[in-house]
Amino acid sequence: MDRQTIQNLIKQCSVGLFDLACAVSGHPSWALNLPVGVLDARRTKPKLIVSAIGTINSTLKASSTIAHPLMVQLFERFEDVGLEQALTEMKNGEEGEAFAEVWQAYRDERRCGDAPMWSIEDATAFVVQSREAHADREVACVAVLPGEPHRIITFSVPIAFLTRD
C-alpha cells in the first residue's frame with residue numbers, strides 16, 4: 001500500500017517535485033541547507049513543503065518523548081483498549097511513576113504550539129537518509145499521511161525520474 005500511496009503523492013506533487021529536484025541537483029555536496037520535500041497528505045489535496053534538511057524540525061515538530069519505551073507501550077495498548085483504559089493500566093503498572101513523568105513531558109510538548117509529528121530519532125534518521133539519497137542523486141522526502149494518529153513515511157526519488165519529460 002505504501003508504494004502505491006507514494007507513487008500517487010509523487011504524481012500529485014510532480015510540478016513542485018520537479019523544481020525541488022532541480023534545486024537538489026544544484027547542490028554538488030550534501031549540507032544542512034540541502035532542500036528536502038515534505039508531502040502533507042492529511043487533506044484531500046496533498047501539499048508539498050520544501051525545507052532545508054537542517055531545519056526539518058521547524059517544518060515537522062519532533063518529540064523527545066514519543067519514542068520512549070513507555071510511550072510506545074501506551075500507544076500499542078491504546079490501539080487495543082482505547083486511551084482511558086491504556087492510561088489507567090500504565091499509571092497503575094510496575095513503572096507507573098516513571099510513566100507519569102514521561103506522560104507529563106508528552107503533554108507539555110503538545111501544549112507548546114503544534115503537536116509533535118515524529119520522534120527526534122525519526123528526524124535524525126531522516127537527516128542521515130537525506131545524506132545517502134544525495135549521494136545516490138536522489139531527493140529525500142517525508143510524507144505525512146492521514147490517520148489517527150497520522151503516519152510518517154520517508155523515501156527518496158531519483159532526480160532523473162523527477163526531471164524527465
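So, here is what we can say about the structure in this document. (Residues numbered from 1 in each chain as written. Predicted model: local features only at pLDDT ≥ 70, side-chain atom pairs only at ≥ 80, totals over all residues. Heavy atoms only, no water.)

**Some thoughts on the nonpolar core**
Using the following cut-off: For our purposes a nonpolar core is just a set of buried Ala, Val, Leu, Ile, Met, Phe, Trp, Tyr and Cys residues, chained together by side-chain atoms within 4.5 Å. Accessible area is worked out with a 1.4 Å probe on protein chains only. A residue is then buried under 20% of its type maximum, exposed over 50%, and partly exposed in between. Each helix is a run of DSSP H or I of at least 4 residues and each strand a run of E of at least 2, with the numbering of both proceeding from the N terminus. Only heavy atoms matter for contacts: two residues are in contact if any of them lie within 4.5 Å across the pair.
Formed by 35 residues in total, the largest nonpolar core has its most connected members in Leu-17, Leu-39, Trp-118, Phe-126, Val-139 and Phe-155. The set of elements that each furnish at least two residues to this core consists of helix H1 (2-12), helix H2 (14-25), strand E1 (35-40), helix H7 (120-135), strand E5 (138-145), strand E6 (151-158) and helix H8 (159-162). No other element matches E5, which puts 7 residues into this core. Residues contacting Phe-126, with those up to four places away along its chain left out, are Val-36, Ile-53, Ile-56, Trp-118, Ala-140, Cys-141, Val-142 and Thr-154. Listed in part, the 11 residues of the second largest apolar core include Met-71, Ala-86, Phe-99 and Val-102.

**As for the packing of aromatic side chains**
The following threshold applies: Centre distance within 6.5 Å is the pairing criterion for rings of Phe, Tyr and Trp, where only the six-membered ring of Trp is used; planes under 30 degrees apart are then read as stacked, over 60 as edge-to-face, and the remainder as tilted.
In the structure shown here, the tally under the stated rule is 4 aromatic pairs. Between Phe-75 and Tyr-106 the ring centres are 6.1 Å apart and the planes differ by 70°, which places this aromatic pair in the edge-to-face class. Of this pair, Phe-75 sits in helix H4 (residues 69-81) while Tyr-106 sits in helix H6 (residues 96-111), and the two are 31 residues apart along the sequence. Of the residues examined, Phe-75 reaches a relative accessible area of 29% and is grouped as partly exposed. By way of ring pairs, the aromatic residues Phe-75, Phe-99, Trp-103 and Tyr-106 are connected into one cluster.

**A closer look at unusual backbone geometry**
Residues apart from glycine generally show negative phi values, whereas peptide bonds are mostly found in trans. The phi torsion at Arg-137 lies on the positive side, around 60°, for a residue other than glycine. Positionally, Arg-137 belongs in the loop between H7 and E5.

**Some details on H1**
Going by this rule: By construction, the arc corresponds to the directions joining the helix axis to the C-beta atoms.
What H1 keeps buried is the set Thr-5, Ile-6, Leu-9 and Ile-10. Projected down its long axis, H1 shows its buried positions confined to an angular sector of 135°, all on one face. For H1, exposure combined with an orientation more than 90 degrees from the buried face picks out Arg-3 and Lys-11. Among the structural elements, H2, E1, E5, E6 and H8 are those in contact with the buried residues of H1.

**Points about the sheet that holds E6**
For clarity, the threshold we go by: One requirement defines pairing of two strands: DSSP has to find at least two bridges between them. To obtain an axis, a line is fitted to C-alpha atoms, over the contacting stretch when the element is a helix, and the angle between two such axes runs from 0 to 180 degrees between their N-to-C directions.
Taken in spatial order, the 4 strands of this open sheet run E2-E1-E5-E6, and their pairing is mixed. Lying at the two open borders of the sheet, with one neighbouring strand each, are strand E2 (47-52) and E6. The average angle at which neighbouring strand axes cross in this sheet is 25°, direction not considered. Examined bridge by bridge, E1 and E2 share 6 bridges and lie antiparallel to one another. What sits directly across from Asp-40, in E2, is Lys-47. The sheet contacts of H1 involve E1, E5 and E6, and relative to E6 the element is tilted by about 65°. Sheet contacts for H2: E1, E2 and E5; angle to E1, the most-contacted strand, approximately 160°.

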